[in-house]
Amino acid sequence: MKRRVVIIGGGSGGAILANNLPLEDFEVTVVDRSPYHYYWPWLLYVAFRGSRRPMKREIRSLLKPGVNFIQSGAQSVDLNNRKVVLENGKTLDYDYLVVATGSRPTYGLIGGHEKAVEKYGDYHSTIENAERVWKTVNSLKQGTFAIVVGGDPYRCPPSPLEGVFLAEEFFRSRGLRDRVKVVFAVPYPRPYPAEPMNEVVEPLLKERGVEYITFFTLDRIEEDRKVAVSMEGEELKYDALVVVPPHVGTDMKISPEDVLTTDRFIQADKFTNNIKGFDDAFVIGDASAVPVAKTGVTAHLQAGVVARRLQGEDARNNGRTNCPFDLGYGLGTFVISDYNNPVVKLPPSRFSHLAKIAFAAAYWDMVRYPELWNPIFEAYFEATEPAKLSKIYV
Amino acid sequence: MAENRIRVDARGIACPGPITELVKAYRNAKNGDIIEVMATDPGFKPDVEAWIKRTGNQLLEFREEGGTYVAVIKVTAKK
Ligand SMILES: Cc1cc2nc3c(=O)[nH]c(=O)nc-3n(C[C@H](O)[C@H](O)[C@H](O)COP(=O)(O)OP(=O)(O)OC[C@H]3O[C@@H](n4cnc5c(N)ncnc54)[C@H](O)[C@@H]3O)c2cc1C
């Protein structure tokens, strides 16, 4: 008898996992509310470069023949009785469940946030909002352009600063840099939260004349006065404002409810991705509350571990991150760490930037043909282990 | 009114750091609330001290218990 695996979410984590499971042993069903899989990192280039390159594909076209796809939202999950209830009225029974529903921006925590997004856009939610940012930066001829981190967590730790670097480059390339001030505000102690990487990026901010404000916990946006106000009453004046929205976890009902954190991320074992208390249910990628960065690479690596565990191997996560970081002007770096090693201080290089772009180009192929790409990734991850790199880049 | 105590367990979290967990709790807190953060990251102490200094909230206690740092913060500076 084939074992039934239900995967909720056909994004980076869910699709890669589905394509990694041998169909002679498993009956695999992917459920997603959207017909499309989005390559979210590209929002950055829609927002700050006006890229029109397609960044979504039909989920069905990305899954191997033989994998079932149901286009419907999942409404609720009953972990004790192994049932998933869909919005289309169907109920699915499973032997194994994998939740891969990602995270979603929330606009209710910050006063005036929704209005600000309608006006200026953001680059963490939808293609339309990213296109609005492109309009915003194109129409600003003078004044202050501010990017503010609205709260944790959000997809991809480097992404707020990537926006800052690309915006700075954009205004300079238009000859507007002496008239447009670029300001970055964050709630934490330094522009990039992890110290070693901050030592790489803070000098770049200084060199390029980007102002930054630390410990700025955004409370509300007063668009009529054009100020962003912190919880202590500090005011940041802007002419255009892009807020990185705080994200929350799943919108599904889950029983038992105590597997959820207060912001609806699902608690799991950080080594195996087993949902707390369940050996037949897993959560991978952004939907999980495990202490790793919310990135596609993380989702990808966790998908690999869960695929191997389902096949009886004792595979375990090592918490590896590998976030490409666009620094503008054709430069890049990577945020590399794992459970045992802090972030490496990897200096800016053209190579890292090219690697990010090459990765984007190969992305669809990686999702569709993991059997071809897995060995390449394994070699790459081995060559770039943080323990090795940290001996080189101190 | 009984004081509201918010416990934040940020043990084992390195990047992006327990301070972001503190900020998350701070967003939902009111003046008068107590936030207690547990962390194992050695960078936590200077970060909390800088946060307190900059935001004007009150650090009631900072202690170390067998490799875990505990910061007890009273929220006082919210406008
Ligand atoms: C600007 C930006 C830059 C980024 N840069 C990078 C980068 O350079 N490198 C990198 O690795 N990562 C990057 N990321 C992060 C990366 O895109 C995400 O971490 C990744 O997509 C997470 O994968 P996931 O499978 O967990 O979630 P997702 O890819 O978001 O997929 C979740 C899926 O679940 C579905 N879903 C949700 N709820 C339900 C439900 N109730 N029922 C049915 N279906 C549901 C959704 O429709 C979606 O298809 C970036 C993100 C942004 C926004």
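Conventions and cut-offs
Residues numbered from 1 in each chain as written. Chains lettered and ligands numbered in written order. Predicted model: local features only at pLDDT ≥ 70, side-chain atom pairs only at ≥ 80, totals over all residues. Heavy atoms only, no water. UniProt positions renumbered as here; feature names shortened; annotations may be inferred. Phe/Tyr/Trp six-rings, centres within 6.5 Å; stacked < 30°, edge-to-face > 60°. Helix = DSSP H or I, 4+ residues; strand = E, 2+ residues; numbered from the N terminus. Buried < 20%, exposed > 50% of the residue type's maximum accessible area, 1.4 Å probe, protein only. Lys NZ or Arg CZ within 6 Å of the ring centre and 35° of its normal. Near = heavy atom within 4 Å. Polar contact = N/O pair within 3.5 Å; in protein donor to acceptor, adjacent residues only side chain to side chain. Areas by Shrake-Rupley, 256 points an atom, 1.4 Å probe, with all protein chains shown as cover. Domains from an automatic or database assignment. Contact = heavy atoms within 4.5 Å. Buried area = accessible area lost by both parts, 1.4 Å probe. Salt bridge = Lys/Arg side-chain N within 4 Å of Asp/Glu carboxyl O. Core = buried A, V, L, I, M, F, W, Y, C linked by side-chain atoms within 4.5 Å. Pairing = 2+ DSSP bridges. 1 Å grid on protein atoms, 1.4 Å probe; cavity = no way out; pocket = protein on both sides within 12 Å on 5 of 7 lines; lining within 4 Å. Points joined across faces, edges and corners; volume = space filled by probe spheres on them. Nonpolar A, V, L, I, M, F, W, Y, C, P; charged D, E, K, R; others polar.

Looking up chain B in an unreviewed UniProt entry gives the name SirA family protein, with the organism given as Thermoproteus uzoniensis. The record in UniProt for chain B states the following under Sequence similarities (unreviewed entry): "Belongs to the sulfur carrier protein TusA family."

Chain A has the name FAD-dependent pyridine nucleotide-disulfide oxidoreductase in an unreviewed UniProt entry, where Thermoproteus uzoniensis is given as its organism.

A. Region of interest: the packing of aromatic side chains. Within this structure, the stated rule accounts for 21 aromatic pairs over all chains. Arranged with centres 5.3 Å apart and planes meeting at 65 degrees, the rings of W134 of chain A and F170 of chain A form a pair that is edge-to-face. Of this pair, W134 of chain A sits in helix α5 (residues 127–139) while F170 of chain A sits in helix α6 (residues 159–173), placing them 36 residues apart in sequence. For W134 of chain A, a relative accessible area of 22% corresponds to the partly exposed category. For F170 of chain A, a relative accessible area of 6% gives the class buried. Aromatic side chains Y26 of chain B and W51 of chain B sit 4.9 Å apart centroid to centroid with 85 degrees between the ring planes, which places their arrangement in the edge-to-face category. Of this pair, Y26 of chain B sits in helix α1 (residues 18–28) while W51 of chain B is found in helix α2 (residues 44–55), placing the two residues 25 residues apart along the sequence. Comparing Y26 of chain B with W51 of chain B, the two get one shared label, buried. Grouped by ring-pair contacts, the aromatic residues Y39, F359, Y363, W364, W373, F377, Y380 and F381 of chain A constitute a single cluster. Above the face of the W42 of chain A ring, R53 of chain A is positioned so that its terminal group lies 4.2 Å from the ring centre. Over the ring of Y339 of chain A we find K270 of chain A; its NZ or CZ atom is 4.3 Å from the centre of that ring.

B. Here's a closer look at the site of the ligand. Residue and element names in this part refer to chain A. The environment of the ligand is made up of 31 residues, and the closest members are G13, D32, A74, G296 and V297. Within the backbone of G13, a nitrogen or oxygen atom sits 2.8 Å from an oxygen atom of the ligand. Residue D251 places a side-chain N or O atom 3.2 Å away from a nitrogen atom belonging to the ligand. Look at the ligand: alone it shows 1000 Å² of surface, and the protein chains cover 94% of it. Of all the secondary structure elements, the ones that give two or more residues to the shell around the ligand are α1 (12–20) and α8 (296–310).

C. Main features of the domain arrangement of chain A. Residue and element names in this part refer to chain A. According to the domain assignment, chain A contains domain 1 (1–41 + 56–103 + 249–317), domain 2 (107–247) and domain 3 (319–394). Centre-to-centre, using C-alpha coordinates, domain 1 lies 24 Å away from domain 3. In this assembly, 25 residues from domain 1 lie in contact with 18 residues from domain 3. With both chains or domains summed, domain 1 and domain 3 bury close to 1900 Å², and 65% of this area falls on carbon and sulfur atoms. Linking domain 1 with domain 3 are one salt bridge, by the criterion used here. In this structure, K64 and E371 form a salt bridge, with 3.2 Å as the shortest nitrogen-oxygen distance. Summed over the shared surface of domain 1 and domain 3, the number is seven residue pairs in polar contact (both at pLDDT 80 or more).

D. Structural context of the nonpolar core. Residue and element names in this part refer to chain A. Residues F48, F145 and F171 are the most contacted members of the largest nonpolar core, which totals 113 residues. Residue contributions to this core peak at seven residues, all from α6. Among all residues touching F171, those that are not within four sequence positions of it are V137, L140, F145, L176, R177, V180 and V182. The next biggest cluster of nonpolar side chains, apart from the first, holds 23 residues, and it includes L92, V99, I266 and F278.

E. Highlighting the pairing of strand β15 (residues 227–230) of chain A. Residues and elements named next belong to chain A. Alternating residues of β15 divide into V227 and V229 and A228 and S230, and every residue in both groups is buried. As paired elements, strand β14 (residues 218–222) and β15 share four bridges and run antiparallel to each other. Directly across from R220, in β15, lies its bridge partner V229. In this structure, the hairpin formed by β14 and β15 is closed by a connection of four residues, where K226 is found at a positive phi of approximately 55 degrees. Between the antiparallel neighbours β15 and strand β16 (residues 235–237) lie four residues, among them G233 with a positive phi of about 95 degrees.

F. Seen up close, the layout of surface pockets. In this model, the second largest pocket occupies a volume close to 1200 Å³. Along the wall of the second largest pocket there are 44 residues; nearest its centre are T261, T262 and D263 of chain A together with E21 and K24 of chain B. Among the secondary structure elements, those contributing two or more residues to the lining of the second largest pocket are β18 (247–248) of chain A together with β1 (5–10) and α1 of chain B. In terms of residues, the lining of the second largest pocket owes the most to one element, α1 of chain B, which gives seven residues. Looking at the lining of the second largest pocket residue by residue, the classes come out as 22 nonpolar, twelve polar and ten charged. No fewer than three residues from each of domain 1 (1–41 + 56–103 + 249–317) and domain 2 (107–247) of chain A sit in the lining of the second largest pocket.

G. Local environment of the pattern of salt bridges. All names here are of chain A. Scanning the model with the defined rule gives 32 salt bridges over all chains in all. The partner of R225 in a salt bridge is E235, with the nearest N and O atoms 2.8 Å apart. Remark: E235 occurs in strand β16 and R225 occurs in the loop between β14 and β15; sequence separation between them is ten residues. Via salt bridges that share partners, D219, R220, E222, R225 and E235 belong to a single interconnected network.

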